[in-house]
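Overview (structure and organization)
The residues making up each chain are set out below.
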Amino acid sequence: MTSQELFENIKKKKSFLCVGLDTDINKIPRHLLDTTDPIFAFNKQIIDATHDVAVAYKPNLAFYESLGVNGWNSLEKTVNYIKYNYPDIFIIADAKRGDIGNTSAMYAKAFFDHMEFDSVTVAPYMGEDSVKPFLTHVDKWVILLALTSNKGAFDFQFMEEKDEKLYEKVIKTSATWGTEENLMYVVGATKAEMLADIRKLIPNHFLLVPGVGAQGGSLEEVAKNGMNSKCGLLVNSSRGIIYASDAEDFAEKARENAIAVQQDMEKLLKQHGLI
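Since this is a predicted model, take the numbers as computed values, not measurements.

Quick notes on helix H10 (residues 219-226)
Along H10, the residues classified as buried are Leu 219, Val 222, Ala 223, Asn 225 and Gly 226. Along its buried surface, H10 packs onto helix H9 (195-201), strand S9 (207-209), strand S10 (233-237) and helix H12 (250-271).

Notes on the packing of aromatic side chains
What the rule picks out here adds up to eight aromatic pairs. Relative to Tyr 81, the ring of Phe 40 has its centre 5.9 Å away and its plane inclined at 80°; by these criteria the two rings are edge-to-face. Of this pair, Phe 40 sits in helix H2 (residues 38-50) while Tyr 81 sits in helix H4 (residues 69-85), and the two are 41 residues apart along the sequence. Since its relative accessible area comes to 16%, Phe 40 is described here as buried. Classification of Tyr 81 by relative accessible area gives buried; the value is 14%. For the pair Phe 154 and Phe 158, a centre-to-centre distance of 4.7 Å together with 15° between the ring planes defines the contact as stacked.

Some words on the sheet that holds strand S1 (residues 17-21)
Overall, parallel pairing links the eight strands, which are arranged S1-S2-S3-S4-S5-S8-S9-S10 in a closed barrel. Each adjacent strand pair in this sheet contributes to an overall mean axis angle of 30°, direction not counted. On the sheet, H10 packs against S9 and S10 and is oriented at approximately 165° with respect to S10.

With respect to the pattern of salt bridges
The final tally for this structure, using the stated rule, is 16 salt bridges. The shortest N-O distance in the salt bridge between Asp 37 and Lys 77 comes to 2.7 Å. One end of the pair, Asp 37, is in the loop between S1 and H2; the other, Lys 77, is in helix H4, and 40 residues separate them in sequence. Here Lys 77 falls in the partly exposed class, since its relative accessible area comes to 37%. Its salt-bridge partner being Lys 200, residue Asp 197 comes within 3.5 Å of it at the nearest N-O pair. You can see Asp 197 and its partner Lys 200 sitting in helix H9, three residues apart, about one turn around the helix. Its relative accessible area of 40% is what places Asp 197 among the partly exposed residues.

Quick notes on the packing of H2 against H4
The interhelical angle for the contact between H2 and H4, taken along N-to-C directions, is 25°, at an axis separation of 9 Å. The pairing of H2 with H4 is recorded here as roughly parallel in orientation. Note that H2 runs across H4; the crossing there is right-handed. On the side of H2, the interface is formed by Ile 39, Phe 40, Asn 43, Lys 44, Ile 47 and Asp 48, while H4 contributes Ser 74, Lys 77, Thr 78, Tyr 81 and Ile 82. Here the residues of the contact of H2 with H4 sort into five nonpolar, three polar and three charged.

The rules we used
Residues numbered from 1 in each chain as written. Predicted model: local features only at pLDDT ≥ 70, side-chain atom pairs only at ≥ 80, totals over all residues. Heavy atoms only, no water. Buried < 20%, exposed > 50% of the residue type's maximum accessible area, 1.4 Å probe, protein only. Helix = DSSP H or I, 4+ residues; strand = E, 2+ residues; numbered from the N terminus. Contact = heavy atoms within 4.5 Å. Phe/Tyr/Trp six-rings, centres within 6.5 Å; stacked < 30°, edge-to-face > 60°. Pairing = 2+ DSSP bridges. Axes fitted to C-alpha atoms, helices over the stretch in contact; angles between N-to-C directions. Salt bridge = Lys/Arg side-chain N within 4 Å of Asp/Glu carboxyl O. Parallel < 35°, antiparallel > 145°, perpendicular 65-115°, else oblique. Left-handed = near helix turned anticlockwise from the far one by under 90°. Nonpolar A, V, L, I, M, F, W, Y, C, P; charged D, E, K, R; others polar.

So this is what it looks like as structure tokens:
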């Protein structure tokens, strides 16, 4: 999927919503535990209920890996279900991988060739040779961690040398490794006021923005500081949508919350003259 195709889908759906499939076996409705694959049963209903207002889904792999082989099977079925039924959806493997080159090459093969994700989140700490193997895959995307929304971000990401913060150096250096057509960045919504400065460094790249909703980030501030001429944003909401209810109406409630977010996004897209 190209950036233009992603933008066209944003315009069509009037939404830049990414739904995080952080599917916790301990939080899904109890009645699903009687099914043969509770995780997939939950994901399937969430996807069916929200696909028309979401442009992306982001399974967080920790929730699947923690269940061993069964979790991986649920993940693969989830990806295949989206690919077959809703092929316009952009699928993100929230894996945060990053290792020496030959190991990264195997991770890339797993997520892009075997699992057929469109993109994978990658940690940049080990440098260029740990990221480049992901970027060699045609029509796939790397989503590089730049400025995260957790409190531990202040441990390293804001360290300064010669008036340059570490996250700024990461962005400026890594932008030379790929292009606007295969490289996105993670920027937390709780750091929304810094998006304007980040946009000066990477004006045309797409940004994946977690932290809106349960984590308290402001969608309006994200759009004000981070939106560009192609929207350039995928804003993720996980718990606020998928756990809107723990009863049998969970998918219906998830849809209501997703529509509420989409309607806010539609207003912002109109304000910026994008639809």
